[in-house]
Structures are given as structure tokens and as C-alpha cells.
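Architecture and fold: a report
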Amino acid sequence: MTRIILFNKPFDVLSQFTDKGTEGTARRTLSEFITVPGVYPAGRLDRDSEGLMVLTDNGKLQAKISNPKFRSPKTYLAQVEGTPTEDQLEQLRAGVVLKDGPTRPAQVEQIAPPDLWERDPPVRYRKTVPDAWLRLTITEGRNRQVRRMTAHVGLPCLRLVRWSVGEWSLDGIAPGTWRDA
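Residues numbered from 1 in each chain as written. Predicted model: local features only at pLDDT ≥ 70, side-chain atom pairs only at ≥ 80, totals over all residues. Heavy atoms only, no water.

Now for the side chain of Ser169. Here Ser169 lies in strand S10 (residues 168-169). Assessed through its relative accessible area of 17%, Ser169 is described here as buried. Only 3.3 Å separates the side chain of Ser169 from the backbone nitrogen of Asp171, close enough to count as a polar contact. Ignoring sequence-local partners within four residues, the contact set of Ser169 consists of Leu6, Leu52, Trp163, Ser164 and Arg179. (Helix = DSSP H or I, 4+ residues; strand = E, 2+ residues; numbered from the N terminus. Buried < 20%, exposed > 50% of the residue type's maximum accessible area, 1.4 Å probe, protein only. Polar contact = N/O pair within 3.5 Å; in protein donor to acceptor, adjacent residues only side chain to side chain. Contact = heavy atoms within 4.5 Å.)

Shown next as C-alpha cells:
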């Protein structure tokens with residue numbers, strides 16, 4: 001029977017079980033939170049991003065979730081610097097051209113600030129620069145894709161939380177905790 005774990009990855013945690021980085025640097029990894037043997041992440045989430053990670057012991061399911069050819073939708077809540085214009089949102093909806101090629105169109109809408117946990121450390125606040133929240137759904141998953149897309153249209157990303165992957169969501173999962181799907 002396939003095991004599927006839904007984990008809310010905190011900020012500043014690597015999306016892997018071991019750290020083969022610089023000797024002597026104590027970077028946090030998944031092994032601090034998940035001790036279930038035989039499960040592996042289906043895709044990655046950057047160290048400076050938070051939110052849903054799906055882990056499984058099923059290699060085929062892992063590939064289906066993480067490989068862009070399967071177009072598995074991933075929804076993110078992004079706090080961006082600036083006030084989005086309709087033109088900026090339309091550019092994201094049409095897809096933008098990044099250094100590694102054009103992106104698929106994203107579903108994007110501006111939303112009210114979501115009721116999320118506090119981030120540690122907090123996002124820097126600048127009273128002279130407004131910020132806004134976007135809900136974006138993409139079907140790829142390139143390296144730092146959402147951050148690069150929002151920056152490309154002039155909306156640098158301050159905080160990024162992956163809210164859902166396919167049918168699974170973060171509902172009811174506190175940062176640093178997990179549950180079986």
C-alpha cells in the first residue's frame with residue numbers, strides 16, 4: 001500500500017533528508033521532522049519557501065507529482081512587493097519568458113492577506129513600499145519558478161507558501177508537522 005505524507009515545511013529547512021553542503025554548517029533538513037523510513041519528497045521546495053511537501057514511498061507517484069509533463073497543479077500564496085496592476089497579472093496569466101524559456105500560463109488572482117502562521121524570521125516590512133498577496137497556480141515546477149515569474153513582471157516575492165499540490169492541501173497542518181494523506 002502506498003504511503004503519502006503531507007508535510008508543512010517551515011522556512012529555512014532544506015527539502016531533503018541529509019545535508020551534504022558546507023562542512024560544519026548546521027542546516028535544517030527533513031530528518032528533523034520526519035522519521036518515517038522509505039519515504040521521499042515528490043519535488044522540491046526552496047529553503048526560503050514554506051508550505052506543502054508531498055512525500056511518498058511510491059516511485060511512480062513521486063515522478064507523476066514532480067515531472068512537469070504530467071502538469072500536476074501546484075498552488076502558491078505569494079506576498080509580493082508592490083501593488084499588482086492588471087497588466088502584470090495578465091502577463092503572468094499568459095506566461096512569461098524566463099532565461100530558461102517561456103513558462104506555461106499561470107492562474108493568478110490578487111487575494112486578501114491570508115491567515116497564515118508567523119514566519120521566523122519575519123518578512124521585512126517597509127512602510128514606504130506596499131505589498132500584496134497573490135494566489136498562483138502553475139503546472140510546471142522549475143527552479144524558483146514563481147519567484148522568477150513575479151520578479152519578471154516587477155513584483156519581487158517577499159514570502160512564498162505552497163498551499164496545494166494536486167488534490168492535497170495544507171489545510172489543518174501546522175508548520176513543522178505532517179499527516180498521512
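Attention now goes to unusual backbone geometry. Of note, the bond from Asp120 into Pro121 is cis; its omega dihedral lies within 30 degrees of zero at 0°. The topology assignment puts Pro121 in the loop between strand S7 (107-111) and strand S8 (131-138). Located in the positive-phi region is Asp12, a residue other than glycine, with phi close to 70°. Phi is positive for Arg144, which is not a glycine, with a value near 55°. Secondary-structure assignment places Arg144 in the loop between S8 and helix H3 (145-152).

This part is about the nonpolar core. A general trend in soluble globular proteins is that nonpolar side chains are found buried together. In this structure, Ile34, Leu55 and Leu134 are the most contacted members of the largest nonpolar core, which totals 30 residues. Sorting the residues of this core by element identifies strand S1 (4-9), strand S3 (50-56), strand S4 (74-81), helix H2 (86-94), S8, H3 and strand S9 (157-165) as the ones contributing at least two each. (Core = buried A, V, L, I, M, F, W, Y, C linked by side-chain atoms within 4.5 Å.)

Let us now look at empty space enclosed by the protein. For the structure shown, the criterion picks out one cavity of 30 Å³ or more. The computed volume of the largest cavity comes to approximately 50 Å³. Every residue lining the largest cavity is listed: Glu81, Arg124, Tyr125, Arg126, Val129, Asp131 and Leu158. Of the residues that constitute the lining of the largest cavity, the class distribution is three nonpolar, no polar and four charged. (1 Å grid on protein atoms, 1.4 Å probe; cavity = no way out; pocket = protein on both sides within 12 Å on 5 of 7 lines; lining within 4 Å. Points joined across faces, edges and corners; volume = space filled by probe spheres on them. Nonpolar A, V, L, I, M, F, W, Y, C, P; charged D, E, K, R; others polar.)

The next subject is the layout of surface pockets. The calculated volume of the largest pocket comes to roughly 320 Å³. Forming the boundary of the largest pocket are 20 residues, of which Arg44, Tyr76, Gly141, Arg142 and Arg162 lie nearest the centre. Of all the secondary-structure elements, those providing two or more residues to the lining of the largest pocket are S4, H3 and S9. Counting residues per element, the lining of the largest pocket draws most heavily on H3, which supplies three residues. Among the residues forming the lining of the largest pocket, the class breakdown is six nonpolar, six polar and eight charged.

We now examine the pairing of S8. Counting buried positions over the eight residues of S8 gives six, a clear majority of the element. The pairing of S4 with S8 spans eight bridges and is classified as antiparallel. Bridging from a neighbouring strand, Gln79 pairs with Trp133 of S8. Here five bridges tie S7 to S8, and the two strands are oriented antiparallel to one another. Following the sheet pairing, Gln107 is matched in S8 by Thr137. (Pairing = 2+ DSSP bridges.)

The next thing to look at is H2. Those residues of H2 not exposed but buried are Gln88, Leu89 and Leu92. Considered in projection along H2, the buried side chains sweep an arc of 100° and stay on one side of the axis. H2 presents Asp87 and Ala94 as exposed residues on the side facing more than 90 degrees away from its buried surface. In this structure, the buried residues of H2 make contact with S7, S8 and H3. Two residues or fewer past H2, Gly95 is found with a positive phi of approximately 95°. (Arc of directions from axis to C-beta.)

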